[in-house]
Amino acid sequence: MKKFSKIARDGIWQQNPALVQLLGLCPLLAVSNSFVTAFSLGIVTVLVLTISNVVISIIRLILNEDLSLTTQITVLATCLILSDIALQAWYFELHHRIGLFVALIVTNCSLLSRAELSSSSNPIISSAIDGLMMGLGFFWVIVLMGTIREGLGSGTLFSNMHMLLGPAGKNLEITFSHNGFLLLVLPPGAFLSLGFLIALKNFLFDNRD
Amino acid sequence: MSDGIAILLTTVFVNNLVTIQFLGLCPLLGASQKFDSAIGIAVGTAFVLTLASAVSYIIESCILSPLDLQYLRLVIFIILIVSLVRISEIIIRATQPRLHALLPIFGISVPLIITNCAVLGVALINVREAHSFLQSIFFGFGAAIGFALVLILFAAIQRQQRASVVPKVFRGAAINMITAGLLSLAFMGFTGMGQ
């Protein structure tokens, strides 16, 4: 149990893929300009990481070591193709916005290195937990960035939720200002807000130790 | 031809790969510590990017589309990129052994080019925008030049930055992000140049 709590702490905070390892930056920065896209991509990442970690660790039991990298990439790409097709079928409008970045998760070094690390020594359950926690670590950062950038940048929150929830989502939009700080929604805002988030994390880290 | 040059200029400045589309950030933050290695990475990636755009176009239009196998695109493109990087490494090793021995010094490692989302991203954008063969090549080449430009600029800025005093919490990744943000802001100035 102690081991699992360490895995959880590593994934969500200490070795956070987005804030500490700086991996998966392209999807993180590109998609976080609104809450709904950030949230959806976060969910996809959590699912893909967990499922692919489990599949890879099962395959590893019967596989020659030399083939591991190729297998990992293929398993990951398969999971991503499945989620891509699912998005296209049920959330077409959303797929149009985040489709490219769903595919790009595959080159995300974090997925590769973690899958390697966790499934080489750990049994299936702990690599599943590892994938889940790494995914959640990525998830909270991307959702936080989506909230900050949409809230300050365009002065709204939960806009366009109908892309995710259907017609019911239309009423969820909260508007607190009609003229936001546009820079935050534009590409430079992504870099700046992540920079300040990392600085904030460093600040909290330094004070605790 | 003028169409190709328009694509080239737009991808270098207006839709710059790194600062506007966020592709290829891992090598930007990982490898630009040294000015020399930045140039090495830029040349290596430029070569692979252009080649990958051409070959992925051929595969897409000759194999995947006619056979209705578009859903395999992602797997095929990744395997293609991995093999292209490996092949170019083998060719360099066979023909230019001395240059190959120098590669690690320049910071060119094979995984770094493979994990570069830029290569896969450009191949996928080519398909999404339905570029023709020549357009794909120009797009790949323009993306590569845009990437090289930003990488070298960034390495130069970092060299300057080492001499300045940075607040403790901003040291490392945070200040790099903010530098990239300002660079991106500068590139926003090119918006509308294409029209």
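Everything quoted here is computed from the prediction, not taken from an experiment.

Here is what the cut-offs are and how they apply
- Within each chain, residue numbers correspond to sequence positions counted from 1 in written order.
- Here the convention is simple: chains get letters from A, ligands get numbers from 1, in the order in which they are written.
- Only residues with pLDDT of 70 or above have their local features reported here, since the model is predicted, and side-chain atom pairs are shown and tallied only from 80 upward, although totals for entire chains, interfaces and linings are computed over all residues.
- Hydrogens and water are ignored here; the side-chain numbers use all heavy atoms of the structure.
- Contact criterion: two residues are considered in contact whenever any of their non-hydrogen atoms come within 4.5 Å of each other.
- Summed over both partners, the accessible area lost on bringing two parts together, with a 1.4 Å probe, is the buried area.
- Counted as a polar contact is a pair of N or O atoms within 3.5 Å, where, for protein atoms, one must be capable of donating a hydrogen and the other of accepting one, and residues adjacent in sequence contribute only when both atoms are in side chains.
- Helix numbering and strand numbering both begin at the N terminus, where a helix is a DSSP run of H or I of at least 4 residues and a strand a DSSP run of E of at least 2.
- Polarity classes work like this: nonpolar for Ala, Val, Leu, Ile, Met, Phe, Trp, Tyr, Cys and Pro, charged for Asp, Glu, Lys and Arg, and polar for all others, with Gly in that last group.
- The aromatic pairing rule takes the rings of Phe, Tyr and Trp, using the six-membered ring of Trp, and pairs them if the centres are within 6.5 Å, calling planes under 30 degrees apart stacked, those over 60 edge-to-face and the rest tilted.
- Relative accessible area decides the class of each residue, using a 1.4 Å probe on protein chains only: under 20% of the type maximum gives buried, over 50% gives exposed, and in between gives partly exposed.
- By definition here, charges over rings are those cases where NZ of Lys or CZ of Arg is within 6 Å of the ring centre and within 35 degrees of the ring normal.

Considering the interface of chain B and chain A
- Chain B puts 37 residues into the contact, and the matching count from chain A is 34 residues.
- In this assembly, chain B packs against chain A so that about 3,000 Å² is buried in total across both faces, 86% of it on carbon and sulfur atoms.
- When residues of chain B are sorted by the area they lose upon contact with chain A, B:F22, B:V169 and B:M177 head the list and together hold 22% of the total.
- Taken together, the links from chain B to chain A amount to one residue pair in polar contact (both at pLDDT 80 or more).
- Breaking the side of chain B that touches chain A down by element, the ones donating at least two residues are α2 (25–31), α4 (73–95), α7 (117–128) and α9 (173–188) of chain B.
- If one sorts the elements of the side of chain B that touches chain A by residue count, α9(B) sits on top with nine residues.
- Tallied by class, the residues present in the side of chain B that touches chain A amount to 27 nonpolar, seven polar and three charged.

Remarks on the packing of aromatic side chains
- Inspection of the entire model under this criterion finds ten aromatic pairs over all chains.
- Between B:F187 and B:F190 the ring centres are 5.8 Å apart and the planes differ by 55 degrees, which places this aromatic pair in the tilted class.
- By relative accessible area, which is 4% here, B:F187 ends up buried.
- When the ring centre of A:F205 is taken as reference, the NZ or CZ atom of A:K201 above it lies at 3.8 Å.

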